[in-house]
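Chain by chain, the residues run as shown.
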Amino acid sequence: MILIKDPIALEGLIKAKKAQNLAIGFVPTMGALHLGHISLIEEAKANTDFVVCSIFVNPTQFNSPTDLANYPRTLEADLLLLAAVGCDVLFHPEVSQIYQSKELKLSAADYGNFIHVLEGAKRPGHFDGVITILTKLFKITLPNQVYFGQKDYQQCMVVQTLIARDFPSIKFNRCAIVREADGLALSSRNVRLTREERAIAPQIFKTLQYLSQQWQKLAWEAALNEARSSLSKLPFELEYLEVCDPNTLETLQDYSANAVVLVAVNLGSTRLIDNHIL
Ligand code: AMP
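Since we're looking at a predicted model, the values are computed, not measured.

Draft legend 1. Looking closely at the packing of helix H10 (residues 203–214) against helix H11 (residues 220–231). One can describe the packing of H10 onto H11 by two numbers: an axis separation of 10 Å at closest approach and a directional angle of 175°. Viewed along their axes, H10 and H11 adopt a mutual orientation that is roughly antiparallel. Every residue of H11 that contacts H10 at Gln-203, Ile-204, Thr-207, Tyr-210, Leu-211 and Gln-214 is listed here: Trp-220, Ala-223, Leu-224, Glu-226, Ala-227 and Leu-231. Among the residues forming the contact of H10 with H11, the class breakdown is eight nonpolar, three polar and one charged.

Draft legend 2. Representation of the state of the cysteines. As enumerated under the stated definition, the model contains zero disulfides in all. Of all cysteine sulfurs in the structure, the one in Cys-175 sits closest to Cys-156, which takes part in no disulfide; the separation is 8.3 Å. Cys-244 takes part in no disulfide bond, and the closest cysteine sulfur, belonging to Cys-156, lies 15 Å away. Taking relative accessible area as the criterion, Cys-244 reaches 1% and is therefore assigned buried.

Draft legend 3. Highlighting the packing of helix H7 (residues 126–141) against helix H8 (residues 153–166). Where H7 contacts H8, the axes come no closer than 11 Å and their chain directions differ by 50°. Between H7 and H8, the angle falls in the class oblique. Helix-helix and strand crossings are classified by hand; for H7 and H8 the assignment is right-handed. Facing H7, whose interface residues are Phe-127, Val-130, Ile-131, Leu-134, Thr-135 and Phe-138, H8 presents Gln-154, Gln-155, Val-158, Val-159, Leu-162 and Ile-163.

Conventions we followed
Residues numbered from 1 in each chain as written. Predicted model: local features only at pLDDT ≥ 70, side-chain atom pairs only at ≥ 80, totals over all residues. Heavy atoms only, no water. Axes fitted to C-alpha atoms, helices over the stretch in contact; angles between N-to-C directions. Helix = DSSP H or I, 4+ residues; strand = E, 2+ residues; numbered from the N terminus. Parallel < 35°, antiparallel > 145°, perpendicular 65-115°, else oblique. Contact = heavy atoms within 4.5 Å. Nonpolar A, V, L, I, M, F, W, Y, C, P; charged D, E, K, R; others polar. Disulfide = S-S within 2.5 Å. Buried < 20%, exposed > 50% of the residue type's maximum accessible area, 1.4 Å probe, protein only. Left-handed = near helix turned anticlockwise from the far one by under 90°.

What follows is the structure, given as structure tokens:
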């Protein structure tokens, strides 16, 4: 595997690969890699000829400076994992190689109403940062196919909208959520959980499963309220638990054959999100 920091060098290499008719697969990440990330690389390897993973802790998508400063960074271990899975290139630029000073963020404001709810409401400016960095990364890596995790369900919708508008030749792939044996969705942030927090974190997915079982039943509202109150008990601090239309993220009050339940909690000082298609 080649480690490249310079965007111009990467663009040159990708153009050479494309001239040989190779299909480029791209997996953007913020590092502190785990088996969820690796599953995306494996999917890319199975379906494209040359796989690029990026590790870039994107400052413009963080709305809390403390969260940005505390985001785990584990480059040595990441390199080993990527080499073992057969990734072709790791792109790991410096912030100054991506952003000029005083650069404006792109705006996701007119992407549709779904942009303003859930993560969009709780993390103002987050999706502006996401589309800003992905626009830059797609222009450098010129991918044929990109791979994103359903773990970030709303982000997948944002990326699909970005691609439909500005990069119609890219094929978008949404990959399944990889979980620990006890159901906790793998996340780079899990390493920040204390032993006690880690022990109760699986409660998040258990709640989603419980709601999944209750979804078609008459006492649905009571089940949702019960789930909300159980996830609001300390040390959980519930940000949202909503059942939504999977295409618009409008809140659903009653049974619908298509639905997704999405949750965000703070557990101690760690923010965790998860979702489950009902
Ligand atoms: P991140 O490094 O958190 O920005 O994530 C990079 C990519 O990995 C995103 O597309 C995430 O949705 C995806 N991802 C993160 N956690 C998981 C997981 N547990 N299962 C599958 N994909 C994941």
